[in-house]
Amino acid sequence: MRAIWIAVFTAGLAACSSSPTEQAPAGVEDRTSGTAKPDTTSTTPIAKVDVTGTGITGQDPAVKTGVLAQRSIFYDLDQYDIKDQYKPLVEAHARYLRDNPGRKMLVQGNTDERGSREYNISLGQKRSEGVKKMLLLLGAREDQVESVSLGEEKPRSEGHDETAWSQNRRSDVLYQGEY
Amino acid sequence: MRKLFAAFLFCFATAAAAQLSIEVTGAGAQRIPIAIAPFAGEGALAQGISAIVRADLERSGLFRPLEVPVANPPLTEASGVNYAEWRTRQADALVQGSVAARPDGRFEVRFKLFDIVKGADLSGVAYTMSRQQARTTAHRIADFVYEKLTGEKGVFSTRIAYVVKRGNRFELQIADADGAGEETALASFEPIISPAWSPDGRRLAYVSFENKKPVVYVHSLADGKRQVAANFKGSNSAPAWAPDGSRLAVSLSRDGGSQIFSVSPDGSNVRRLTQSAGIDTEPVFSPDGQTLYFTSDRGGSAQIYRMPAGGGEAQRVTFDGTYNVSPRISPDGRLLAFIARNGGKFQVATMDLANRQTQILTDSDKDESPSFAPNGRMILLATVNGGRGVLSAVSSDGRIKQRLSLSAGDVREPAWGPYIK
């Protein structure tokens, strides 16, 4: 079982530390327990991992208070630009990144559930890159910010109406250690 | 870092508790009436053989299985055929067979197919199999009958992949084309999307969010080994295999925006194929490997384009409406299937690539992820029914419709696998 943890952990580390155009190693996870062989009825013992209530360790308390505690930017339908009301939020995070060059951030773009999942990945990417661009303009460095997309896959609201969709058209900013 | 453990992944085989069941909601106009006699001795097998063959053929929408009276002694492949009698029962074709236990614990299954109209023996096959291979053998018999009587290859012994979401748990599953015998290839607490079968059916490429962002993996089904095919800074998604299996087309945002790249399955040989200011994603190869179809917003709305597979000038393919996405090409290269937005509805449509004639195939409104059967006859898709994700299939001429439902959970992201060699 330990080998699995190491593999997962290592893959995670590799993902976190990848530089702009460098690909994380094409590692092969050797999980001898799993097979897709027909007619296998034995089940692998599954180690129960409790990830509820995990505290964020080594976090700067500053990012948990005031405007830095605000982490979400919402969008109108088919919109990708940052609305005026969210500009102070982005400015505050840009300032923090500029003043703390060792800190890193992940910007996750999200969309509502309508349309193709893959196309929504691209639309969410457009949102997160808009946030990253503004952060860089305001003093953050390229190597501090990664913009990615979760498309429609991680809705904050599970509903199927405009109220839910407006919650899901969103960019979230997370500091390293929070994701 | 501890949160990474939430993405803990594991593989295992599941009990057949949540099997997909398939309901045919439309059928071809002229179904072939066929009699499939119970196979002599098939009681030795839990599910027998003939019932599976009958269900396969009926589900295709091209056959109408007839009631077969109990015969004593039971009919076998060696029994004589009274053609006149079967004609009065209005059967066009007849299958007779038998199952015999061998001393080594295995079984011998034999059958013959008869053309009642012509009064001809269309030959048959004998299989030696283990008890566990009964379903596979029945699917192969159904494929044989289907091909002899329709002239096209059957797909009953192929497999499908799809993703099931139950609560916060995602499972990538593989099942027979009839939804039975499902097994879980990957389980995760983060989403899994866009499974794509390698041309040899041994590997699946897909997008997993286990690292809190989309990363493309290539997963070997026999041993569960996984390779990272694309994990660059930004988002990595939309894998599509080249027909020779040598490389994948993917959509990457590493240079900014979503652009199409070519990459080897082990993550090497990365090459950018599109150079647009907008979104380029959902690449798919034509069956001859010469052309890439993809979705782009370069013209101001989401439309389908095509370009040479090595990159180059793109031509727009779809023009009606403002949202045409998720292109797939039929195995014969003639038909483009895609998702079109009409009003607020997302529906599966096809375009005849020779004359650009477009047809909407479904009357549902949240269709996604179309996938051609390897013989091109049916298109598998994800849709929503009663608030739940379900799989459905429609014939590429729109006449036959099937619904595949799972007893629990949301089902999405189907991909129909290739012929098993």
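Nothing here was measured: the structure is a model prediction, and the numbers come from that model. (Residues numbered from 1 in each chain as written. Chains lettered and ligands numbered in written order. Predicted model: local features only at pLDDT ≥ 70, side-chain atom pairs only at ≥ 80, totals over all residues. Heavy atoms only, no water.)

K.L.:
Just to check I follow, could you spell out the sheet that holds strand β2 (residues 72–74) of chain A for this structure?
P.N.:
All names here are of chain A. Strands sit in the order β2-β5-β3-β4 across an open sheet of 4 strands; the sheet is mixed. Each having just a single partner strand, β2 and β4 (145–151) make up the two edges of the open sheet. Direction aside, neighbouring strands of the sheet carry axes that sit 20° apart on average. Here strand β3 (residues 105–110) runs beside β4; their pairing, made up of 6 bridges, is parallel. Within β4, the residue paired with N110 across the bridge is G151. The sheet contacts of helix α2 (residues 87–99) involve β2, β3, β4 and β5 (170–175), and relative to β5 the element is tilted by about 25°. Here helix α3 (residues 117–137) sits on the sheet and contacts β2, β3, β4 and β5; the angle it forms with β4, its principal contact strand, is near 155°. (Pairing = 2+ DSSP bridges. Helix = DSSP H or I, 4+ residues; strand = E, 2+ residues; numbered from the N terminus. Axes fitted to C-alpha atoms, helices over the stretch in contact; angles between N-to-C directions. Contact = heavy atoms within 4.5 Å.)

K.L.:
Honestly, the pairing of strand β5 (residues 93–101) of chain B in this entry has me stumped. Any pointers?
P.N.:
Along any regular strand the residues' side chains alternate between the sheet's two faces. Residue and element names in this part refer to chain B. Most of β5 sits inside the fold, with 7 of its 9 residues counted as buried. Relative to β5, strand β3 (residues 32–36) is paired through 3 bridges, and the arrangement is parallel. The partner of I36 across the bridge, within β5, is V95. Sheet topology places β5 next to strand β6 (residues 107–115); 9 bridges connect them, and they run antiparallel. Bridge pairing in β6 places V99 opposite V109. (Buried < 20%, exposed > 50% of the residue type's maximum accessible area, 1.4 Å probe, protein only.)

K.L.:
Is there a simple way to explain the sheet that holds strand β4 (residues 63–65) of chain B in this structure?
P.N.:
Hydrogen bonding along the main chain pairs the strands of a sheet, whether they run parallel or antiparallel. All names here are of chain B. Read from one edge of the open sheet, 5 strands run β4-β3-β5-β6-β7, paired in mixed fashion. Only two strands of the sheet have a single partner each, and these edge strands are β4 and β7 (120–129). Direction aside, the axes of adjacent strands within the sheet are offset by 25° on average. Examined bridge by bridge, β3 and β4 share 3 bridges and lie parallel to one another. Across the sheet, residue I32 finds its bridge partner in β4, namely F63. This element, helix α3 (residues 134–150), spans β3, β4, β5, β6 and β7 of the sheet and lies at about 160° to β7.

K.L.:
Help me understand unusual backbone geometry in this model?
P.N.:
Most peptide bonds are trans, and most residues other than glycine sit at a negative phi. All names here are of chain B. Here the residue pair N72 and P73 is connected by a cis peptide bond, since its omega of 0° sits within 30 degrees of zero. Among the secondary structure elements, P73 is positioned in the loop between β4 and α2 (83–88). Backbone geometry at S123 places phi at a positive 75°, although glycine is not the residue there. Following the sequence through the fold, S123 ends up in strand β7. Residue classification places S123 among the partly exposed positions, given a relative accessible area of 32%. One non-glycine residue with positive phi stands out, namely K212, at about 65°. Tracing the backbone through its elements, the reader meets K212 in the loop between β12 (203–208) and β13 (215–220).

K.L.:
Quick question: what am I supposed to make of the confidence of the model for chain A here?
P.N.:
Reading fine detail from the predicted coordinates is not recommended where pLDDT is low. All names here are of chain A. Per-residue confidence for chain A averages 78 on the pLDDT scale, and 68% of its residues sit at or above 70. Residue range residues 1–21 is modelled with pLDDT below 50. Its contacts to residues more than four positions away, or to other chains, number 28 contacts. Predicted confidence for residues 26–57 stays below pLDDT 50, and this span has 56 contacts to residues more than four positions away or in other chains. (pLDDT = per-residue confidence, 0-100.)

K.L.:
Whenever I open this one, the packing of aromatic side chains confuses me. Can you help?
P.N.:
Think of a pair of aromatic rings as described by two things: how far the centres are apart, and how the planes are tilted against each other in angle. Counted by the stated rule, this structure contains 10 aromatic pairs over all chains. Here Y323 of chain B and F346 of chain B contribute two aromatic rings whose centre-to-centre distance is 5.5 Å and whose plane-to-plane angle is 80°, an arrangement assigned as edge-to-face. Within this pair, whereas Y323 of chain B is found in the loop between β22 (315–316) and β23 (324–329), its partner F346 of chain B is found in strand β25 (residues 345–352), the two being separated by 23 residues in sequence. Exposure class is identical for Y323 of chain B and F346 of chain B. Each is buried. Sitting over the face of the ring of W165 of chain A, R114 of chain A holds its NZ or CZ atom 3.8 Å from the ring centroid. (Phe/Tyr/Trp six-rings, centres within 6.5 Å; stacked < 30°, edge-to-face > 60°. Lys NZ or Arg CZ within 6 Å of the ring centre and 35° of its normal.)

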